[in-house]
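Report on the structure
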Amino acid sequence: MPTMPKSLFWIRTDTAGTDHVLLNDQRGLSARGVATAVTPVPYTCTYSLVTDEHWATSRFEVTVEGAGWVRTLKMERALGRWRVSTAEQGDLAAALRAAGHGNPGYPGTEEPGRLEGALDVDLGHAPLFNTLPIRRLGLREGDVGTQQRIEVAWVHVPSLEVLPATQGYTIVDPNRARFAVQGFTAELELDDNAYVTHYPGLAERR
C-alpha cells in the first residue's frame, strides 16, 4: 500500500467523533480515511476514494462497523454508469432500535441507473467529500456569487444506503462556499486547496 504525502484531521462538533484522512492530490485524488462517531450508535467507518485527474469519482469503498454488525459498500463508475455492490453481517437494525432509533435503509441502491448524472460521491458526515465538486468545477477560481447545482451519489452513514441528491454550491469568497441540500445550508470555510477547515454544526479541522 503506497504512503500518502498529506494528512487532514477533523473533530466532530455535533457529536463525539473524528475523521482522519491520508491523501495524495498531485493528479486527481487518492485518499484513505477513518472516521468514528458515537451517534446514532458507536461506529468506525473506513473508506478509500480514487478520482480521475479531473476530480470526478472513479472508485469508492467504505466499511462501517459497530458492536454486532458490519456493512460494506463498493462503487465504481465507468462509461457514465455506476456499479454498486454491498455486503452485510450482523444486525444494524437491532442496534439502532436498542438505541431508540428507527430502522436503517438497506446498503447500496436498488436502482443504480438513478445515479447516472452523478460524478461525485458524498459520504455522510465526511468533510473531505465537499472538496470534490469544488475542485472538479474550479469554483474557487470563479466570481463571487457563482452558483452550481450538481447531482451526487449520497451515501448515508451508518446504513450505507445510496441515494441520488441534488446539491448546490455558491462561492462567497475564495475561502468560503455556501453548501445547500434538501433545505439545509452551511457556509463552509476552505483552505487554499479547497479542503474544509470548518463545517458549521459538523466538524472543525485541527
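Since the structure is predicted, the reported quantities are computational estimates derived from the model, not experimental observations.

Rules and cut-offs
- Residues numbered from 1 in each chain as written.
- Predicted model: local features only at pLDDT ≥ 70, side-chain atom pairs only at ≥ 80, totals over all residues.
- Heavy atoms only, no water.
- Helix = DSSP H or I, 4+ residues; strand = E, 2+ residues; numbered from the N terminus.
- Rg over C-alpha atoms; globule rule 2.2 N^0.38 Å.
- Buried < 20%, exposed > 50% of the residue type's maximum accessible area, 1.4 Å probe, protein only.
- Contact = heavy atoms within 4.5 Å.
- Areas by Shrake-Rupley, 256 points an atom, 1.4 Å probe, with all protein chains shown as cover.
- Lys, Arg positive; Asp, Glu negative; His and termini not counted.
- Charge placed at Lys NZ, Arg CZ, Asp CG, Glu CD.
- Core = buried A, V, L, I, M, F, W, Y, C linked by side-chain atoms within 4.5 Å.
- Salt bridge = Lys/Arg side-chain N within 4 Å of Asp/Glu carboxyl O.

Before going further, it helps to spend a moment on the overall build of the protein chain. Each helix and strand counted, the protein chain has two helices and 14 strands in total. For the protein chain, whose C-alpha radius of gyration is 16 Å, the value lies close to the compact-globule estimate of 17 Å for 206 residues. When the 206 residues of the protein chain are sorted by exposure, 45% land in the buried category. Of the contacts formed within the protein chain by residues at least 6 apart in sequence, a portion of 45% connects residues at least 24 apart. Summed over all atoms, the accessible surface of the protein chain reaches about 10,000 Å², with 48% contributed by carbon and sulfur. A gap of 2 Å separates the mean positions of the 20 positive and 25 negative side-chain charges of the protein chain.

Another point: the nonpolar core. The biggest cluster of nonpolar side chains holds 57 residues, and the ones touching the most others in it are F60, M75, L123, L128 and F129. In terms of residue count, the dominant contributor to this core is strand β9 (residues 147-155) (five residues). Not counting the four nearest positions on each side in its chain, M75 is found in contact with S58, R59, F60, W82, R83, V84, L115, V121, A153, V155 and V162.

This brings us to the environment of M4. Along the chain, M4 falls in the segment before β1 (6-12). Each C-alpha atom of the pair M4 and D25 lies 9.3 Å from the other, and the pair is 21 residues apart in sequence. Residue contacts for M4: discarding those within four places in its chain leaves L22, L23, N24, S30, A31 and R32.

Our focus in this paragraph is the pattern of salt bridges. Under the definition given, this model contains 13 salt bridges. In this structure, the salt-bridge partner of D173 is R176, at a minimum N-O distance of 2.8 Å. Classification of D173 by relative accessible area gives partly exposed; the value is 21%. The class of R176 is partly exposed, set by a relative accessible area of 31%. Salt bridges sharing partners connect three or more residues here, namely D173, R176, R178 and E187.

In this model, T39 is joined to P40 through a cis peptide bond whose omega is 0°. By the secondary structure assignment, P40 is in the loop between β3 (30-37) and β4 (43-51). Even without glycine at this site, L79 takes up a positive phi of about 55°. Summarising the element assignment, L79 is placed in the loop between β6 (69-78) and β7 (81-90). Within the chain, H125 stands out as a residue other than glycine whose phi angle is a positive 70°. Along the chain, the position of H125 falls in the loop between β8 (120-123) and α2 (131-136).

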